[in-house]
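Residues per chain are reported as follows:
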Amino acid sequence: MSNPADFKFLIVDDFSTMRRIVRGLLKESGYVNADEAEDGVVALNMLKNNKFDFVVSDINMPNMNGFELLKAIKADDALKHIPVLMVTAEARKEDIVLAAQTGAAGYIVKPFTKATLEEKVQKILQKMATTA
């Protein structure tokens, strides 16, 4: 599954403009298959009812934040294999540590460039390929 077009992304952010930006950057990188969710509750429901290969999630969201979503994904046997890239406006060390401890595949601080997103996604996918 090394063809980027085969990967299905779920972009989770309560800010629609941010979801559009991430979707656009992924598309420019060749990842054209993406859905969006406005919070962790919607995202978890979508994950349980559809097949996704990758989650890009904001941390600060209403209803269910990114950490709660990450914990729910990692606690679910059917979902725990899906890599989660955390995105946040705050580069707090404790958030980065918590993300890593909870099982996040990576971490990006907003604002970020296409190159940063592309590099993180590729690194995570390469890591997955070697552990698969």
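Details of the structure are given in the entry above.
Residues numbered from 1 in each chain as written. Predicted model: local features only at pLDDT ≥ 70, side-chain atom pairs only at ≥ 80, totals over all residues. Heavy atoms only, no water.

Engineer: Where do I start with the pattern of salt bridges in this structure?
Structural biologist: Between side chains of opposite charge, pairing is possible as soon as their charged atoms come close. Here the structure, examined in full by the defined rule, presents 12 salt bridges. A salt bridge links Asp 58 to Lys 110; the nearest nitrogen and oxygen atoms lie 3.3 Å apart. Pair noted here: Asp 58 is in strand 3 (residues 54-58) and Lys 110 is in the loop between strand 5 (106-109) and helix 5 (114-131), with a separation of 52 residues, a long-range link. Judged by its relative accessible area of 4%, Asp 58 is buried. Through salt bridges that share partners, Glu 90, Arg 92, Glu 94 and Asp 95 make up one connected network. (Salt bridge = Lys/Arg side-chain N within 4 Å of Asp/Glu carboxyl O. Helix = DSSP H or I, 4+ residues; strand = E, 2+ residues; numbered from the N terminus. Buried < 20%, exposed > 50% of the residue type's maximum accessible area, 1.4 Å probe, protein only.)

Engineer: I would appreciate a short explanation of the packing of aromatic side chains in the present structure.
Structural biologist: To describe a pair of aromatic rings, one takes the distance between the centres and the angle between the planes. If you walk through the whole model with that rule in mind, you get 3 aromatic pairs. Among the aromatic residues, those joined into a ring-pair cluster are Phe 7, Phe 9, Tyr 31 and Phe 54. Taking the ring centre of Phe 52 as reference, the NZ or CZ of Lys 8 above it sits at 4.8 Å. (Phe/Tyr/Trp six-rings, centres within 6.5 Å; stacked < 30°, edge-to-face > 60°. Lys NZ or Arg CZ within 6 Å of the ring centre and 35° of its normal.)

Engineer: What am I meant to see in unusual backbone geometry here?
Structural biologist: Most of the time, phi is negative for any residue but glycine, and the peptide bond is trans. A cis amide bond, omega -10°, links Lys 110 with the succeeding residue Pro 111. Mapped onto the elements of the fold, Pro 111 is located in the loop between strand 5 and helix 5. The phi dihedral of Asn 63 is positive, around 65°, even though this residue is not glycine. Structurally, the position occupied by Asn 63 is in the loop between strand 3 and helix 3 (66-75). For Asn 63, a relative accessible area of 65% corresponds to the exposed category.

Engineer: Looking at this structure, I do not really get helix 2 (residues 40-49). What am I missing?
Structural biologist: Regarding helix 2, the residues found buried are Gly 40, Ala 43, Leu 44, Met 46 and Leu 47. Down the axis of helix 2, the smallest arc covering the buried residues is 165°, so these residues share one side. Seen from the open side of helix 2, the exposed residues pointing more than 90 degrees away from its buried face are Lys 48 and Asn 49. Tucked into the core, helix 2 has its buried residues touching strand 1 (8-12), strand 2 (33-37), strand 3 and helix 3. Capping of helix 2 at its N-terminal end is provided by Asp 39; its side-chain oxygen lies 2.8 Å from the backbone amide nitrogen of Val 41. (Arc of directions from axis to C-beta. Contact = heavy atoms within 4.5 Å. Polar contact = N/O pair within 3.5 Å; in protein donor to acceptor, adjacent residues only side chain to side chain.)

Engineer: What exactly am I supposed to notice about the environment of Gly 30 here?
Structural biologist: When you line up the elements, Gly 30 lands in the loop between helix 1 (16-28) and strand 2. The class of Gly 30 is partly exposed, set by a relative accessible area of 27%. Sequence separation of Gly 30 and Ala 5 is 25 residues, and the distance between their C-alpha atoms is 6.2 Å.

Engineer: Looking at this model, I keep getting lost on the packing of helix 2 against helix 3. Mind explaining?
Structural biologist: Any two packed helices are characterised by how steeply their axes cross, that is the angle between the axes, and by the distance between the axes. Where helix 2 meets helix 3, the closest approach of the two axes is 9 Å, and the angle between their N-to-C directions is 20°. Our classification of the angle between helix 2 and helix 3 gives roughly parallel. At the point where helix 2 passes helix 3, the crossing takes the right-handed sense. Contacts between helix 2 and helix 3 pair Gly 40, Ala 43, Leu 44 and Leu 47 from the former with Leu 69, Ala 72 and Ile 73 from the latter. (Axes fitted to C-alpha atoms, helices over the stretch in contact; angles between N-to-C directions. Parallel < 35°, antiparallel > 145°, perpendicular 65-115°, else oblique. Left-handed = near helix turned anticlockwise from the far one by under 90°.)

Engineer: What should I look at first to understand the nonpolar core in this one?
Structural biologist: Most often, soluble globular proteins have nonpolar side chains that are buried together. One finds Leu 10, Val 12, Leu 47, Val 55, Leu 69, Ile 73 and Met 86 to be the most contacted residues of the largest nonpolar core, which totals 23 residues. Looking at this core, the elements with two or more residues in it are strand 1, helix 2, helix 3 and strand 4 (84-88). Residues contacting Val 12, with those up to four places away along its chain left out, are Ala 37, Asp 39, Gly 40, Ala 43, Val 55, Val 56, Ser 57, Asp 58, Met 61 and Leu 69. Counting residues in hydrophobic clusters, the runner-up holds 19 residues, among them Leu 26, Leu 85, Phe 112 and Leu 125. (Core = buried A, V, L, I, M, F, W, Y, C linked by side-chain atoms within 4.5 Å.)

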